[in-house]
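Geometric and topological summary
Below are the chains, spelled out letter by letter.
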Amino acid sequence: MEGPEVDALSFRLSALAGRQWVDRIDVPTHRWQANVLLKHCSGKRINQIYSQGRWLLWNFSHGVSWAIYPLRRWRWSAQWTDADKPVVPDWLDNISPLSKDIGRRPLLRIMLENGGCLTLSGRPLLLVLPTEKLYRHPSLTGLGPKLSDEFLTDEIWEKRVRVLAGDKTISQAIMDESVVAGISNQTKCEMLFAGGIHPAARIGSIDSRRMREILVTARRRGDVLCRASLEGRGARDLPGNVYDRAGEPCGRCGTNILAERCGRDGLWSWYCPNCQRLPRQPMLFGVEPVAAPLPDIEPVNRVPLK
Ligand SMILES: [Zn+2]
């Protein structure tokens, strides 16, 4: 699951449950030891539901937050459960990317004051934390902005890539959650194809123009994915140029697409070896030569250096 999909999920959950009071929370006792902490959130109001990268964050009115991460498959579903409660018109219309069917392994059921009910199924990671310490948690503290954040300008994107991941390959930099959070391997491959950049290219070998081009591709893809997600479709349904297409001809030049672990990010990269050539990279044991001239060194004790 990609960041924009979690974004769409948070948007829909927020429309259904944001600012609602929680009547009750049910947790299967055999599934979680944290159920006391979770149940503690019943009787409280849901202040905000939003996303950061792939993290789905819930803030409650008593200063407690949930941070939920789709480590394995998860499913969010919405139902009406209480026949006595007045039914809010249209509450169950248009709920994608939530479903109406509860998954096979229900984990958490949140009954809302309006009679609606949200169920989380599957095996996500769930942290219950004081809201004030949320961003001090090791998993969240170094998280970069998401693609849809308005302050992520071209300049800030390029600066983050070069400063935070300057010694890495472009593949590693894109997948680095501290640079920008929530970009998937699939989006990475399509970004690099759009920019004509080899997955193992060093950041120093990529100029500003191409650095901006790949951000434009990522943004456009993120917007499309978020909208598709709200209509019930996923990343797999989106057209792609290279991802998961090893052996097929490239749409630009007809060369067969390759899949290799060449990005050194531990993930496979699909790319066109003709459109995405590796630039000549003078490298000694993986260390980039210093591009900028070194500053002058002040002579010690004002004795001129010879
Ligand atoms: Zn090609």
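Keep in mind the model is a prediction, meaning the values are calculated, not measured. (Residues numbered from 1 in each chain as written. Predicted model: local features only at pLDDT ≥ 70, side-chain atom pairs only at ≥ 80, totals over all residues. Heavy atoms only, no water.)

Let us now look at the sheet that holds strand 5 (residues 74-80). Sheet architecture is open: 4 strands sit in the order 1-6-7-5, paired in antiparallel fashion. Of all the strands in the sheet, just strand 1 (22-26) and strand 5 have a single pairing partner and so form its edges. Here the average twist between neighbouring strands, direction ignored, is 15°. Direction of pairing for strand 5 relative to strand 7 (residues 116-122): antiparallel, over a ladder of 7 bridges. Across the sheet, the residue bridging to Trp 76 is Leu 120, located in strand 7. Each of strand 5, strand 6 (106-112) and strand 7 touches helix 1 (residues 3-17); the most contacted strand, strand 5, lies at about 20° to it. (Pairing = 2+ DSSP bridges. Helix = DSSP H or I, 4+ residues; strand = E, 2+ residues; numbered from the N terminus. Axes fitted to C-alpha atoms, helices over the stretch in contact; angles between N-to-C directions. Contact = heavy atoms within 4.5 Å.)

At a minimum axis distance of 10 Å, the contact between helix 4 (residues 154-165) and helix 7 (residues 208-230) shows a crossing angle of 110°. With respect to helix 7, the element helix 4 is oriented roughly perpendicular. Taken together, the residues of helix 7 that come into contact with helix 4 (itself represented by Asp 154, Glu 155, Trp 157, Glu 158, Val 161 and Arg 162) are Ser 208, Met 211, Arg 212, Ile 214 and Leu 215. Residue classes in the contact of helix 4 with helix 7 are distributed as 5 nonpolar, 1 polar and 5 charged. (Parallel < 35°, antiparallel > 145°, perpendicular 65-115°, else oblique. Nonpolar A, V, L, I, M, F, W, Y, C, P; charged D, E, K, R; others polar.)

Time to look at the sheet that holds strand 3 (residues 55-60). Spatial ordering of the open sheet is given by 2-3-4-8, a layout of 4 strands whose pairing is antiparallel. Each edge of the sheet is formed by a strand with only one pairing partner; in this case those strands are strand 2 (46-52) and strand 8 (125-130). When strand polarity is set aside, the average angle formed by the axes of neighbouring strands in this sheet is 20°. Summarising the sheet, strand 3 and strand 4 (residues 64-69) pair through 4 bridges and their orientation is antiparallel. In the strand pairing of strand 4, Leu 56 is matched with Ile 68. In the packing of helix 1 onto the sheet, contacts are made with strand 2 and strand 3, and the angle to strand 2 comes to roughly 170°.

Scored by pLDDT, the chain comes out at a mean of 87, with 87% of its residues at no less than 70. Considering each helix and strand of the chain separately, the mean pLDDT is smallest for helix 2 (residues 35-39), with a value of 74, and largest for strand 3, with 97. Low confidence marks residues 287-306, where pLDDT is under 50. Its contacts with residues over four positions away, or in another chain, come to 6 contacts. (pLDDT = per-residue confidence, 0-100.)

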